[in-house]
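# Analysis of the macromolecular model
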Amino acid sequence: MGIFLLALLVFSSITVNADSSGKCGTATELNKGTSHHTLTLKWYRMDDHELLNEEDIPGSCIFIKSPIWAKGPFPVNEGEESILDGCVKRPGNTCDKTSSITVHNCGEYNVYYLNATATQDEEYCFKKDDDDDDDDDDDCEEQKEHYGKKFHRCHRNNRYVVLVIGSVIIAGVLISMVAIYLWRRKRLAALLKKEMYKAPQDSNGPVVVTTNDNLPPKKY
């Protein structure tokens, strides 16, 4: 009986490994130029990229109008599978569920059981392994090669620099205008004060002021 159970366990292990190898070995390579709207239901993989499993869209996917990401944890151990919710990120809705996505762990990479997207605007969002902001420029050139003008937000960091410089220039102009206004106001106040303290003049000549009836008058 013990020998039978051991043989059954070994056979099950071989079957699982064979099934895993089949999925990993026959998965179709998904290129960035491929339209996800024309996919057929089968296993796919993307070299050096993983399907996004969080709602924060990385820089490599901002060209997609309606990016699709997988909600839930990926399988950890080789040979394991996870069935996750495929979420479309739209304005005001980070997870508009479309269909299920099966993820299979092949050890060094994952493969995904994907179907065609509902519209041409929807695409599965794949990010580079350990993707960060330093890779944005490389992804940018790669995406422009495949998508051309469609990747209209590619060099967004440069636009941030232009925005900052423009803001500084506008702030400088406003500060200069305020300084000129205050200087002119101060000068006008000084002129008014000077006119106010001038000695009054008589229309027929200088003003005559006497301080005592016994003293001769003084002219000013």
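Each value, and the rule that gives it
- Residues numbered from 1 in each chain as written.
- Predicted model: local features only at pLDDT ≥ 70, side-chain atom pairs only at ≥ 80, totals over all residues.
- Heavy atoms only, no water.
- Helix = DSSP H or I, 4+ residues; strand = E, 2+ residues; numbered from the N terminus.
- Buried < 20%, exposed > 50% of the residue type's maximum accessible area, 1.4 Å probe, protein only.
- Disulfide = S-S within 2.5 Å.
- Core = buried A, V, L, I, M, F, W, Y, C linked by side-chain atoms within 4.5 Å.
- Contact = heavy atoms within 4.5 Å.
- Pairing = 2+ DSSP bridges.
- UniProt positions renumbered as here; feature names shortened; annotations may be inferred.
- pLDDT = per-residue confidence, 0-100.

Turning next to the overall build of the protein chain. Broken down by element type, the protein chain carries three helices and 11 strands. Counting helices and strands in the order they occur from the N terminus, the protein chain gives α-β-β-β-β-β-β-β-β-β-α-α-β-β. Out of the 220 residues belonging to the protein chain, those deemed buried represent 27%.

Below, the discussion takes up unusual backbone geometry. For Asp-48, which is not a glycine, the phi torsion comes out positive at approximately 65°. Within the secondary structure, Asp-48 sits in the loop between strand 2 (42–45) and strand 3 (49–51).

So, on to the state of the cysteines. For the coordinates displayed, the defined rule picks out three disulfides. Between Cys-61 and Cys-125 runs a disulfide, and the two sulfur atoms are separated by 2.2 Å. Taking the sign of the S-S torsion, about 100° here, the bridge from Cys-61 to Cys-125 comes out right-handed. Pair noted here: Cys-61 is in the loop between strand 3 and strand 4 (66–71) and Cys-125 is in the loop between strand 8 (122–124) and strand 9 (126–128), with a separation of 64 residues, a long-range link. According to the relative accessible area criterion, Cys-61 is buried, its value standing at 2%.

The subject of this paragraph is the nonpolar core. Nonpolar side chains in soluble globular proteins tend to be buried together. The biggest cluster of nonpolar side chains holds 16 residues, and the ones touching the most others in it are Leu-51, Phe-74, Ile-101, Tyr-112, Leu-114, Tyr-124 and Phe-126. Setting aside residues up to four positions removed in sequence, Leu-51 forms contacts with Ile-68, Ala-70, Phe-74, Ile-101, Tyr-112, Tyr-124, Cys-125 and Phe-126. Counting residues in hydrophobic clusters, the runner-up holds seven residues, among them Leu-52, Cys-61, Ile-64 and Trp-69.

To continue, consider the pairing of strand 6 (residues 93–105). The sheet contact formed by strand 5 (residues 81–90) and strand 6 spans eight bridges and is antiparallel. Following the sheet pairing, Glu-81 is matched in strand 6 by His-104. Where strand 5 folds back onto strand 6 in an antiparallel hairpin, the turn is made up of two residues, including Gly-92, whose phi is positive at roughly 85°. Sheet topology places strand 6 next to strand 7 (residues 110–114); four bridges connect them, and they run antiparallel. Considered in strand 7, the bridge of Thr-102 is made with Tyr-113. Linkage of strand 6 to strand 7, two consecutive antiparallel strands, is achieved through a turn of four residues, within which Gly-107 is found at a positive phi near 100°.

Moving on to the UniProt feature "transmembrane region" (unreviewed entry) in the protein chain. Residues given the UniProt feature "transmembrane region" (unreviewed entry) here are residues 160–183. Spanning residues 160–183, this segment combines 100% helix with 0% strand, and its end C-alpha atoms are found 35 Å apart.

The subject of this paragraph is the confidence of the model for the protein chain. Taken as a whole, the protein chain shows an average pLDDT of 75; of its residues, 66% reach a score of 70 or greater. The secondary structure element of the protein chain with the lowest average pLDDT is helix 2 (residues 136–147), at 50, and the one with the highest is strand 7, at 93. For the stretch residues 144–153, pLDDT sits under 50, and the model shows 18 contacts to residues farther than four places along the chain or on other chains.

Its place among the elements puts Thr-40 in the loop between strand 1 (28–29) and strand 2. With relative accessibility at 46%, the residue Thr-40 sits in the partly exposed group. With 74 residues separating them in the primary sequence, Thr-40 and Leu-114 have C-alpha atoms 7.6 Å apart. Here Thr-40 is in contact with Leu-114 and Asn-115, once residues within four sequence places are set aside.

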